[in-house]
Structures are given as C-alpha cells and as structure tokens.
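# Secondary and tertiary structure notes
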Amino acid sequence: MDMTVHHEESSDANDEPKEETPSASSQEEAPDTDEVVVVTDEVARATIEEAEILARDEEEESNEPVAASSDDEPASPAAAAGAAAVARSTTTAPRATTTAPRSLPAPPKEEAPKAAKAAAPPPGGRVSPIGPLPVDAMYDPAYGDPEFYTDVDVTYHYMAVKNGAMRIFTEEELHLLDELHEFLSTEDCIWSVTDEHMQLIGKILHADLPPTVNVDLLRFLQPACMNLDIVLMLKGDKNKAFSCLANNFEKLDSTVQVEMMKLMCNLCNCKSGVNWLLSIVDWELGNKQVTNSQLTIRCAVASLLSDCQKLVEVAANFILQVSRFQMSYYEDIVVEMSFALFQCLNSDLPEVTAFFCLAGLIGFFHMSREMPGIMLSLGANLKQHARKSDRCAALVAKIEASLPKF
C-alpha cells in the first residue's frame, strides 16, 4: 500500500503547472527509502558545513562579491561546494599579493667586515711607537725606498765566469751554464733552474778560483734572485751552496762580500726571500747545527762594522730591506742586528749610508718594542746625520719624537 500511495502522490504532482516541475536529475534518482535517508543526511551535513565556511569567507572578504546574483536559481549542494572552493581561492590570492611587499631586501652584509677591518689592530697586535703601521704590514715608502741591484750585464759576467772557470768544467757543466745564461737573459724562457744548476753554482763558489770569478758569478746571479724560482731553489738546495759561503763570510775578499750582500738585498724583494734568509730551522754544517738567521746576522753585523764604505752602504740597504716587511716574529733577530746598527750610526757616514741606516732603524722600531730602550741605553748620536740632507733630518725628527713615550 505504501507504494500505491507514493505513485498517487507523484501523479498529483504531475498535474501541477510545469513551472514548478523539479529538475530532470532529481526525477532520474529513485533509490530505496532507507538509502534516500542516508544520502540525504550526508548531503545535509556537508551542505551545512560548506555553508558555514562560505559564510565566514564572505564576512572576511565582503568587498569581493562571490555569491551569485538574486536572479539565479538556487544552487544544488554540489554547486554550493564549488562556489565555496571558488570563494576560498579568490580570497587567498589577494593575501599573497599583500604579503609580498612586506619581504624587504636584506641589508648588505659587507658593511660589518669593512668596519672591522678598518678598526683591526696593527700586525703583531701592538701599537708602534713610530705611529700606525701600513695596512699591508709593509714599510712605509715615505721613509725611504730600498735599492735593488739589477743593472747588470748578464752576458758579460756569463762569459767572464765561463772563461775564468773553464778548467773545472765538464762538457755537461758547460751546457748547464749555457742554460743558466739563457734563463737569465731571456724574459719568455720556459726553462727554469734545477738541482743540477744549483750544484754547478756551488761547485764554482767553493772551487779554488780567483776572487774575480766569484765576483762575476755573484753579479751574474743577482738579477735572478729577483725571481721567485731562484728563491724556491735556494730553499730546496741540499748542498746549501750560498749558506756555506755565508758561513765563511769574514774570510772572503771584500769585493766578494759586497756582491754577496747585494745578492742578499735582491732576495729581499719578496717575503719568501726574507723568510729564507732569516729562517730559524736548524741544519747540519760540519759537526754543528746552524740556522740561516745566524749566518745572515753574521754577514750583516760584519758588513756594518767593516772599513769598506761600499760594504757598509750595501749592509745598511739590507737592514732597510729586512725592516720593510714588519714581521714581528723576527724581533730577536732585529735586536741582535740593532747593536751593530747603532754602532754604525755613531760613526761618520756618507749621506746615502746614513739615510739607509735611519730608515731601517724606523722599521726596527715598528718590529720591536725594545728598540727605543736600546737606543737610549747606547746613547746613539743621530743629530750629526740630520745635517746631511733634508730627508735624513726628517727621519731623525721622526725617531726622536718617539723616544719620550718610553
């Protein structure tokens, strides 16, 4: 009987006007009664939840119309869900555009390192009595430029060595000497110095030859010492040819001593050369242990106290060369050489030699805090050098101005 009543109600509904006829989709669905109740409850709950979400979104974004116009037909639950999704997508899009301008570019991070670098302490972590050190920890050229000895006729001295030491050369050694000349006289030569060439140099230096041969050989090599390849070869020389020659420095002829000191000055054109000359690494010489720094100090002190004016001048230039690099870890070496330097300054010197000594002394003041006290204890007379030239007077004034601080 329930089915009969249902059909009669449907027939009554068909007699109504067509304007109120439900949609075709609703007529096609004819499920059982129990199933209709279950589906209707789920759809109702979903519709209520979606309606609440849509109401909240419409309240938050009331300025953006998302609902349909009043003339449209009422939407089905599926349509309401689609409208809610569209409303959520349209409301979230403006949020992204409003938050984007808030992300400002980060300030440049390079400002802090620059300020820290400018305020960094001087090398060695201490303040110099002469004033602030240069940024690159090099000697200020305003106090004086050192001299390098590169104005050498390489080919002339090569021929002099070849002729003077011909009797000790083999055919292979003559070929090595020719290669060494090619390397020193050609700027774009791809060949470099090897161990065999260093052994040949040591053989000439320590052979029983006239001093003039060693003079020509040292002059021949002086421009090469401006090249880093030679410095690297000196560090790797197992025979220690130059170091052994420096060990006998006091016994050498004065002309050989002058050229030896010139070669050491040219080695100071780079920090690697200075580090090799002042190295404190022990190595065996005969039955004793020595260091390059000990031999270098001996050469410098003997030259500063020599009676040969040219040797004293070159030694003073060497002092200036060493002081340019402001390496505080060589403080003990500086103090040892300073005693001979003050003794040299107490004597009458030519203007060039006095200028080198004064400029080197300023560099030593930067490298060691003990220098002002040593100067006051020894009583160095610098005023006699102030009258030699304006540049010497400026250096003397700079040194004396620093003494009252101690």
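Read on for a plain summary of the structure. (Residues numbered from 1 in each chain as written. Predicted model: local features only at pLDDT ≥ 70, side-chain atom pairs only at ≥ 80, totals over all residues. Heavy atoms only, no water.)

### Digging into empty space enclosed by the protein
All told, the structure shown has five cavities of 30 Å³ or more when counted by the stated rule. Reported here for the largest cavity is a volume of approximately 100 Å³. Mapped onto the lining of the largest cavity, the elements with two or more residues apiece are α11 (241–247), α12 (254–267), α13 (271–277) and α14 (292–304). Among the residues making up the lining of the largest cavity, the classes are represented as ten nonpolar, three polar and no charged. (1 Å grid on protein atoms, 1.4 Å probe; cavity = no way out; pocket = protein on both sides within 12 Å on 5 of 7 lines; lining within 4 Å. Points joined across faces, edges and corners; volume = space filled by probe spheres on them. Helix = DSSP H or I, 4+ residues; strand = E, 2+ residues; numbered from the N terminus. Nonpolar A, V, L, I, M, F, W, Y, C, P; charged D, E, K, R; others polar.)

### Looking at α14
An ideal rise of 1.5 Å per residue puts 18 Å on 13 residues; α14 measures up with 18 Å between its terminal C-alpha atoms. For α14, the complete set of buried residues consists of N292, S293, L295, T296, I297, C299, A300, S303 and L304. (Expected span 1.5 Å × (residues − 1). Buried < 20%, exposed > 50% of the residue type's maximum accessible area, 1.4 Å probe, protein only.)

### Concerning helix α16 (residues 331–345)
Over its 15 residues, α16 runs 20 Å from end to end, which matches the ideal 21 Å to within 8%, given 1.5 Å per residue. Of all the bends found along α16, the most pronounced is centred on S338 and spans about 30°. For α16, a buried count of eleven out of 15 residues is recorded, marking the element as mostly surrounded by other parts of the structure. Considered for burial, the residues of α16 that qualify are E331, I333, V334, V335, M337, S338, A340, L341, F342, C344 and L345. Looking at the buried positions of α16, the neighbouring elements they touch are α14, α15 (309–323), α17 (351–367), α18 (371–378) and α19 (383–386). (Bend = angle between axes of the 7 residues up to and from the residue. Contact = heavy atoms within 4.5 Å.)

### A word on the packing of aromatic side chains
Under the criterion given, the structure shown has two aromatic pairs. Taking 6.2 Å as the distance between ring centres and 35° as the angle between the ring planes, the aromatic pair formed by Y158 and F220 counts as tilted. Residue Y158 is found in helix α6 (residues 154–164), and its partner F220 is found in helix α9 (residues 211–221); the two are separated by 62 residues along the sequence. The buried category is assigned to Y158, whose relative accessible area is 8%. (Phe/Tyr/Trp six-rings, centres within 6.5 Å; stacked < 30°, edge-to-face > 60°.)

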